[in-house]
Every structure is written in structure tokens, then in C-alpha cells.
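Notes for the structure review
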Amino acid sequence: MVTDINNTPIDQAIKENGYAIVDNLIPEEMFLRLRDACDRVVDRARKGDWKYRRLVGTQFPPWTEGTDVWGVQYMIHPDLKEKVFAEWYGSSRLLEAVEQLLHTKHDDLQLELFNLLINPQDSDFDLTWHRDAIKAEASEEEEKEKLKIPHYGTQWNTALYDDSCLFVVPNSHRRIRTETERDITLNDPKSHKMPGQLRVDLRPGQTVFYDNNILHRASYVSSLKRATLHASMGTIEGGHHRAAVILQHGLDWMNTADFKETLPESLLKPHANLLAMAEKAGIANMQAKPIH
Ligand SMILES: O=C(O)CCC(=O)C(=O)O
Ligand SMILES: [Fe+2]
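Report on the accompanying structure. (Residues numbered from 1 in each chain as written. Chains lettered and ligands numbered in written order. Predicted model: local features only at pLDDT ≥ 70, side-chain atom pairs only at ≥ 80, totals over all residues. Heavy atoms only, no water.)

1. Let's talk about unusual backbone geometry
Following Pro 61, the chain continues into Pro 62 via a peptide bond in cis, with omega recorded as 5°. Of note, Pro 62 is situated in the loop between β2 (53-55) and β3 (69-72). Phi at Tyr 74 takes a positive value of approximately 70°, unusual for a residue other than glycine. Following the sequence through the fold, Tyr 74 ends up in the loop between β3 and α3 (83-89). Of note in this structure, His 103 is not a glycine but carries a positive phi near 50°. Relative to the elements of secondary structure, His 103 occurs in the loop between α4 (92-102) and β4 (109-118). (Helix = DSSP H or I, 4+ residues; strand = E, 2+ residues; numbered from the N terminus.)

2. Describing the environment of Gly 196
By secondary structure assignment, the location of Gly 196 is in the loop between α6 (179-187) and β8 (198-202). Along the chain, Gly 196 and Asn 273 lie 77 residues apart, while their C-alpha atoms are 38 Å from each other. Gly 196 has contacts with Val 168, Val 169 and Pro 170, leaving out every residue within four places of it along the chain. (Contact = heavy atoms within 4.5 Å.)

3. A look at the coordination of the iron ion (ligand 2)
Taken together, His 130 (NE2), Asp 132 (OD) and His 216 (NE2) make up the full set of protein donors to the iron ion (ligand 2), lying 2.1 Å away. The motif formed by the donor residues of the iron ion (ligand 2), counted along the single chain, is H-x1-D-x83-H. Grouping residues by exposure puts His 130 and Asp 132 together as buried. (Donors = N, O, S within 2.8 Å, 3.2 Å for Na, K, Ca; no water. Buried < 20%, exposed > 50% of the residue type's maximum accessible area, 1.4 Å probe, protein only.)

4. Topic: the sheet that holds strand β7 (residues 163-168)
Pairing is antiparallel across the open sheet formed by four strands, whose spatial order is β5-β10-β7-β8. Since the sheet does not close on itself, it has two edges, and those belong to β5 (125-126) and β8, each with one partner. One ladder, built from three bridges, connects β7 with strand β10 (residues 216-220); its direction is antiparallel. Bridge pairing links Val 168 to His 216 in β10. (Pairing = 2+ DSSP bridges.)

5. Digging into the site of ligand 1
Taken together, 13 residues are adjacent to ligand 1, and Arg 54, Asn 157, His 216, Tyr 220 and Arg 226 come closest. His 130 is positioned such that a nitrogen or oxygen atom in its side chain is 3.2 Å from an oxygen atom of ligand 1. Between ligand 1 and Asp 132, the relevant distance is 3.2 Å, taken from an oxygen atom to a side-chain nitrogen or oxygen of the residue. The protein chains hide 95% of the 290 Å² of surface that ligand 1 would expose on its own. In this structure, ligand 1 is accommodated by the largest pocket. For the shell around ligand 1, the residue count by class is six nonpolar, four polar and three charged. (Near = heavy atom within 4 Å. Polar contact = N/O pair within 3.5 Å; in protein donor to acceptor, adjacent residues only side chain to side chain. Areas by Shrake-Rupley, 256 points an atom, 1.4 Å probe, with all protein chains shown as cover. 1 Å grid on protein atoms, 1.4 Å probe; cavity = no way out; pocket = protein on both sides within 12 Å on 5 of 7 lines; lining within 4 Å. Sits in = over half its atoms within 2 Å of the grid points. Nonpolar A, V, L, I, M, F, W, Y, C, P; charged D, E, K, R; others polar.)

6. Looking at the pairing of β4
Walk down a regular strand and you will see the side chains alternate between the two sheet faces. With respect to burial, β4 is a largely interior element, ten of its ten residues being buried. Direction of pairing for β3 relative to β4: antiparallel, over a ladder of two bridges. Following the sheet pairing, Val 72 is matched in β4 by Leu 116. Where β4 and strand β11 (residues 227-235) come together, eight bridges link them in antiparallel fashion. By the bridge assignment for β11, Phe 114 is matched with Ala 231.

7. Digging into empty space enclosed by the protein
A full pass over the atoms with the stated rule returns one cavity of 30 Å³ or more. Of the voids in this model, the largest cavity is the one considered here, and its volume is about 30 Å³. Asn 157, Asp 163, Leu 166, Val 200, Leu 202, Val 208 and Arg 226 are the residues that line the largest cavity. Among the elements of the structure, β7 and β8 are those that each provide at least two residues to the lining of the largest cavity. In terms of residue class, the lining of the largest cavity is made up of four nonpolar, one polar and two charged. (Points joined across faces, edges and corners; volume = space filled by probe spheres on them.)

8. Comments concerning helix α1 (residues 10-17)
Of all the positions in α1, only Ile 10, Asp 11, Ala 13 and Ile 14 are classed as buried. The arc that holds the buried residues of α1, viewed along the axis, is 160°, so those residues lie on one side. Buried residues along α1 sit against β1 (19-22), α4, β6 (153-159) and β9 (207-210). Phi for Gly 18, located one or two positions after α1, is positive at around 90°. (Arc of directions from axis to C-beta.)

9. As for the packing of aromatic side chains
Tallied over the entire structure, the rule returns 13 aromatic pairs. Where Trp 50 meets Tyr 52, the ring centres are 5.2 Å apart and the plane angle is 70°; that geometry is what we call edge-to-face. Judged by its relative accessible area of 27%, Tyr 52 is partly exposed. Judged by centre distance (6.2 Å) and plane angle (25°), the ring pair of Tyr 89 and Trp 156 falls under stacked. Of this pair, Tyr 89 sits in helix α3 while Trp 156 sits in strand β6, placing them 67 residues apart in sequence. In terms of burial, Tyr 89 and Trp 156 fall into one category: buried. An aromatic cluster of three or more residues is present, and its members are Phe 85, Trp 88, Tyr 89, Phe 114, Trp 156 and Phe 209. Over the ring of Phe 167 we find Arg 217, and its NZ or CZ is 4.2 Å from the ring centre. (Phe/Tyr/Trp six-rings, centres within 6.5 Å; stacked < 30°, edge-to-face > 60°. Lys NZ or Arg CZ within 6 Å of the ring centre and 35° of its normal.)

What follows is the structure in C-alpha cells.
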């Protein structure tokens, strides 16, 4: 049983609040290896040597404009040659947490996204208040309908350094926006005055799992080192809904023998499940159009 920092089972905490903070999901011997690998990857991304990156000025994919990096994509890409990321993504305590959150078993897990969130170098950058899978412009009706779609997946941030960048509105993940929230998301989306907002403070090694439809924003501060592992995993029940969310990031490189060879045993079935999902959703090329 995995519990959050308040000793609540994490599946209960995320259901009630839309997020759950957990200690120690990184095996001790991996921690420094992850930090070192992040330093190398960040260096490559900032130099432009790794071109899959999130650029200041743009919140959602695709990222084509700019040079200042706020995120690095595809930590488990075979060309990155940093094995520790897949090792951790397939590590047993983390998978146990994901299985508990999704009420599923290992054989039904689906391998998904693994990216890195970092501090930009040149300027601060704010992400707007958003839900990952529903646009701000959505009508009440549309929002209601979309909120009914189960996610069949979970996502998390695992901090390697102190990280206070993420803000959430607890328990906003299953209801439509209030009038004030709607107004803020549409007209003042970087507001610091969202009613009920909570700043998520993570210490190194802590993880926050969050419902991707919780209202959230993030504040990227160039002067504070951030290297936060940002990943998701799903279940085979997600079908085309999950495919649309995940494959908008373009995962054609996952459908290769090179990639498969880098995976630890524990990720082979989740990988096969991802390929089967894409095929079934009619997106065998693993590239769907952006949601936002
Ligand atoms: O920076 C964060 O912690 C959150 C990032 C985020 O909300 C997103 O990428 O959609
Ligand atoms: Fe988000």
C-alpha cells in the first residue's frame, strides 16, 4: 500500500483532492544518477543538440519558436542514451504506486510519456491556468462532457531539487469551473489570485501525482534550478481518448526495435500495450494532432 505524506492511500487522496504527494519513489542508489543524467540532458537541450524540447513562450505542443528551454522531451528516447530514466520509470515502487492509483495490474499498464521540466535560463515563464485535456474556451456543456471521460491514466512530477513551481486548485478535477475560474482561465490566465489555489512544495525526491484535469498552472523561475521528472502511465482501457492525449506528443520513435532494446523487463508489457492501443485507435504512426 502506498500512502501520501498525510498517510492517506494515494488512490483515495487523488480521488478526493485531485493530487497526492508521496515520499521516496526514487530508489536511493538511483537518485544521484538521475541528477547527473539530467544535467547532461539539460546541457544538450540548451545547446540545441537535443531538439525535442519545450521552449519559453509556448505552453502546449508543438514547440517550434524560441531558444530558451523549459522542458526536455523524451527522456527514454534511445538516442539520448541515458538508461537510468527507463530504469526508474520501470522501477518497482513507482509501478506499485501507479497500479494502486489506476486500480490496475502490471500487465495492463501502458507505457507513455516521460519528460523533464527545468528552469529556463534567460527569462521567467508562466504557464496559464489550465486543464491538460480540456481547452479554456470549452463551453459548460463541453466541459461537463469531457470531465465525464475517465482518464485511464495518471501523471506525476518527481522533484530532484526543491520545486515550488506548480499551483493547483484542490478538488477542481471533477467539476466544471466556477464563474470566477472560467473568467480567470479565459481573461487573466496567469492570475496569482485564483480562489483556493495551493502551491505544491516538493522536496528533492518527493512526487506529486495529479489528475490532469485539475486546474493548475506553473511558474518557471530562471534563477532557481529545477529538474523535475514529469511522466505519465495509463492502462489498456484508455482507448482512443487516451491515445489523443498521449500521442499528440508524437511517439513514432517508440515503435522501433532500438527503443524496445533499451527497456527493462518490467516495461516490455506496458510498451506492447501502448503499441496495441495506437494501432487500435488508428494512429499506428503514433502521431496525433495537438489538443490545444
Ligand atoms: O510545470 C509543471 O509542474 C506543470 C507543467 C504542466 O502543467 C504541463 O506541462 O501541462
Ligand atoms: Fe498541465
